[in-house]
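Chains, contacts and geometry: an overview
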Amino acid sequence: MAAVSDRLPAFPWDKLEPYKATAAAHADGIVDLSVGTPVDPVPELIQRALIAAADSPGYPTVWGTPALRDAITGWVRGRLGASAAGHRNVLPVVGSKELVAWLPTQLGLGAGDKVAYPRLAYPTYEVGARLCGAEAVVYDDPTELDPAGVKLLWLNSPSNPTGQVLPKEELIRIVAWAREHGILVFSDECYLELGWEAEPVSVLHDDVCAGSYEGLVAVHSLSKRSNLAGYRAAFIAGDADVLGELLEIRKHGGMMTPAPVQAATVAALGDDAHVEEQRGRYAARRAALRGALEAHGFRVEHSEASLYLWVTRDEPCWETVAHLAGLGILVAPGDFYGEAGARFVRVAFTATDERVEAAVKRLG
C-alpha cells in the first residue's frame, strides 16, 4: 500500500501548522495569505447555469458537450490567439491539479524517462514524475537541458510562485528547441488572465507556434479567473493527437467533468465582465499589499503576473514566515517551491478586502 506514496515528497504544508497557530493567536485573528484560494463569490450567471443544469441524471461525457467544446474553442481562438483551434484541439479535465499530477502516467512515462520543470515551481510537477517512476529534472533555461530522455517539458508562465512571465520571443525559442528534439511541451497557463506588469502570451498563440499545435498543449483553469476552485473546472488545448490519446485513456478511467460544471464552464467562458470585475479586486489588493510590504522592508522580485507577490528580506524564508506569523500574517515559505526559493516567501492577495486591510495595518 505504501509503495506509491513512498515515492512522493513529504507534504510541505504540514510544516506550516505551528506558524499558522501563532498567526491565529493574534488578537484580531489570522490573515492567511499562504494559499491562493478564491474568497470572492462565484459570479451569479455561473451559479445560475449550474443550477439550471442540476437535473442531470445521466453520465456526462469525458470530451464534454458540443456546447462546452464550442465555448472552449471560441475562448482559445479569441483569448489565446490560437486561430486554428477546433474541437479535436480541446479536452475538459477535472481541475488542473489532477491533470498535472497524473499526466506523466497517462502519457505512459516511467523509469528511464525524464520530466522537466522550472527550478522554482508548483510542487505537483515533481509529484507527477514521481508517481509514474520517471526522473524529475529542473531547469533555469530548458534549452540548456540535455534533451536525451526528456519526454515531457513543463512551462509555467505566469509562474507560480514567482509571477514571472516568459516573453513571446522566449516562448518561440523554447518551442523551436523542443520540436527539434521531439520533446512534448505542456504549458501551464492558469494565471494567464492575471497579468499586471506584463501581458502573458500562450504557447498556442499563432506567433509562437506558427499555426501548428504539434507537440504543444496549454493547460487552463477557471479556478482563479472565475472563482471556480470549488467547481474543478479546467481544460487543455493543443496537439490533437496528444489530446486524442488522453481522451481514450480518460474515457476508460471515467475522468468526467460533472454535467452541471460543464454548463457552468460554458457560461463562464462566454462572459468577460466578471473576469474584469475580479481583476479589479485583485489589482487593488495587490497594490495595497505591495506598498505595505515594501514599506516594511521587503523587496519584491518578478511578480508581474499571477495572484502572488514573491518577496524577500534577504534572510532564510522560515525566519520571514516566523516574523510575519508574529504579526498574525501567514505566508508560504519559498522553499516549498524549490531550494532556489529558500530566502523568499510567497504572499497571496486572495484574502478579502477586510483581511488585506488588516495586514496592511499590521505591516505599518
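Rules used in this analysis
Residue positions within a chain follow its written sequence, with the count starting from 1. Whole-chain, interface and lining totals are the exception, using all residues; otherwise, since this is a predicted model, local features are given only for residues with pLDDT of at least 70 and side-chain atom pairs are given and counted only at 80 or more. Calculation of side-chain values draws on the structure's entire complement of heavy atoms; hydrogens and water are dropped beforehand. Interaxial angles span 0 to 180 degrees and are taken between N-to-C directions of axes, which are lines fitted to C-alpha atoms, for helices over the stretch in contact. Each helix is a run of H or I in the DSSP string that is no shorter than four residues. Each strand is a run of E no shorter than two, and both are numbered from the N terminus. Relative orientations are named as follows: roughly parallel for angles under 35 degrees, roughly antiparallel for angles over 145 degrees, roughly perpendicular for angles from 65 to 115 degrees, and oblique for any other angle. Note on convention: near helix rotated counterclockwise from far helix by under a right angle means a left-handed crossing. Clockwise means right-handed. The contact criterion used is simple: two residues touch if any of their non-hydrogen atoms lie within 4.5 Å. Residues are grouped as follows: Ala, Val, Leu, Ile, Met, Phe, Trp, Tyr, Cys and Pro are nonpolar; Asp, Glu, Lys and Arg are charged; all remaining types, including Gly, are polar. Throughout, the protein atoms alone are placed on a 1 Å grid, and a set of points is a cavity if a 1.4 Å probe fits but cannot get out or a pocket if it is open with protein on both sides within 12 Å along at least five of seven lines; lining residues have an atom within 4 Å of a point. Grid points are joined across faces, edges and corners, and a volume is the space filled by probe spheres set on the points. Stacked, tilted and edge-to-face are the three classes applied to pairs of Phe, Tyr and Trp rings, where Trp contributes its six-membered ring and a pair requires centres within 6.5 Å; stacked means planes under 30 degrees apart, edge-to-face means over 60, and tilted covers the rest. Using a 1.4 Å probe on the protein chains alone, a residue whose accessible area is under 20% of its type maximum counts as buried, one over 50% counts as exposed, and one in between counts as partly exposed. Only lysine NZ and arginine CZ atoms are considered, and such an atom sits over a ring when it is within 6 Å of the ring centre and within 35 degrees of the ring normal. This arc describes the spread of directions from the helix axis toward the C-beta atoms. Only strands joined by at least two bridges in the DSSP assignment are considered to pair.

**What about the packing of helix H3 (residues 44-52) against helix H10 (residues 259-269)?**
Closest axis-to-axis distance for the H3/H10 pair is 8 Å, and the angle between their directions is 150 degrees. Between H3 and H10, the angle is such that the two are roughly antiparallel. The handedness of the crossing between H3 and H10 comes out as right-handed. Contacts between H3 and H10 involve Leu45, Ile46, Ala49 and Leu50 on the former and, on the latter, Pro260, Val261, Ala263, Ala264, Ala267 and Ala268. In terms of residue class, the contact of H3 with H10 is built from 10 nonpolar, no polar and no charged.

**Considerations on the layout of surface pockets**
Roughly 1200 Å³ of volume is contained in the largest pocket. Breaking the lining of the largest pocket down by element, the ones donating at least two residues are helix H5 (96-106), strand E3 (114-118) and helix H6 (124-132). In terms of residue class, the lining of the largest pocket is built from 24 nonpolar, 10 polar and 10 charged. In this model, the second largest pocket occupies a volume close to 410 Å³. Along the wall of the second largest pocket there are 21 residues; nearest its centre are Pro118, Leu120, Tyr139, Asp140 and Gln164. Counting only elements with at least two residues in the lining of the second largest pocket, the list comes to strand E5 (150-156) and helix H7 (168-180). In terms of residue count, the dominant contributor to the lining of the second largest pocket is H7 (three residues). Per-class residue counts for the lining of the second largest pocket are 10 nonpolar, five polar and six charged.

**Considerations on the packing of aromatic side chains**
This model, assessed by the stated rule, comprises 13 aromatic pairs. On the numbers, 5.7 Å between centres and 80 degrees between planes, the contact of Trp75 with Phe235 is edge-to-face. Separated by 160 residues along the polypeptide, Trp75 in helix H4 (residues 66-80) and Phe235 in strand E8 (residues 234-238) bring together distant segments of the chain. Grouping residues by exposure puts Trp75 and Phe235 together as buried. Look at Trp318 and Phe336: their rings are 5.9 Å apart centre to centre, the planes differ by 65 degrees, and that puts the pair in the edge-to-face class. Of this pair, Trp318 sits in helix H12 (residues 317-326) while Phe336 sits in the loop between strand E12 (332-333) and strand E13 (345-348); the two residues are 18 residues apart in sequence, bridging distant segments of the chain. Members of the aromatic cluster, each reached through a chain of ring pairs, are Trp13, Tyr19, Trp318, Phe336 and Tyr337. Directly above the aromatic system of Trp63 lies the positively charged group of Arg69, at a separation of 3.8 Å from the ring centroid. Lying over the aromatic face of Tyr308, Arg346 brings its terminal NZ or CZ to 3.8 Å of the ring centre.

**Examining helix H13 (residues 353-363)**
Those residues of H13 that sit buried are Arg355, Val356, Ala358, Ala359, Arg362 and Leu363. In a view along the axis of H13, the buried residues occupy a sector of 155 degrees, so they form one face of it. On its buried face, H13 is in contact with strand E1 (31-32), helix H11 (273-295), H12 and strand E11 (329-330).

**Quick word on the pairing of strand E10 (residues 308-312)**
Most of E10 is tucked away, with five of its five residues classed as buried. Neither face of E10 is exposed, since Tyr308, Trp310 and Thr312 on one face and Leu309 and Val311 on the opposite face are all buried. Inspection of the sheet shows strand E9 (residues 299-301) paired to E10 by three bridges, in the antiparallel sense. Bridge pairing in E10 links Glu301 to Trp310. Hairpin remark: E9 followed by E10, antiparallel, with six residues in the connecting loop; positive phi at His302, about 50 degrees. The pairing of E10 with E13 spans four bridges and is classified as antiparallel. By the bridge assignment for E13, Val311 is matched with Val345.

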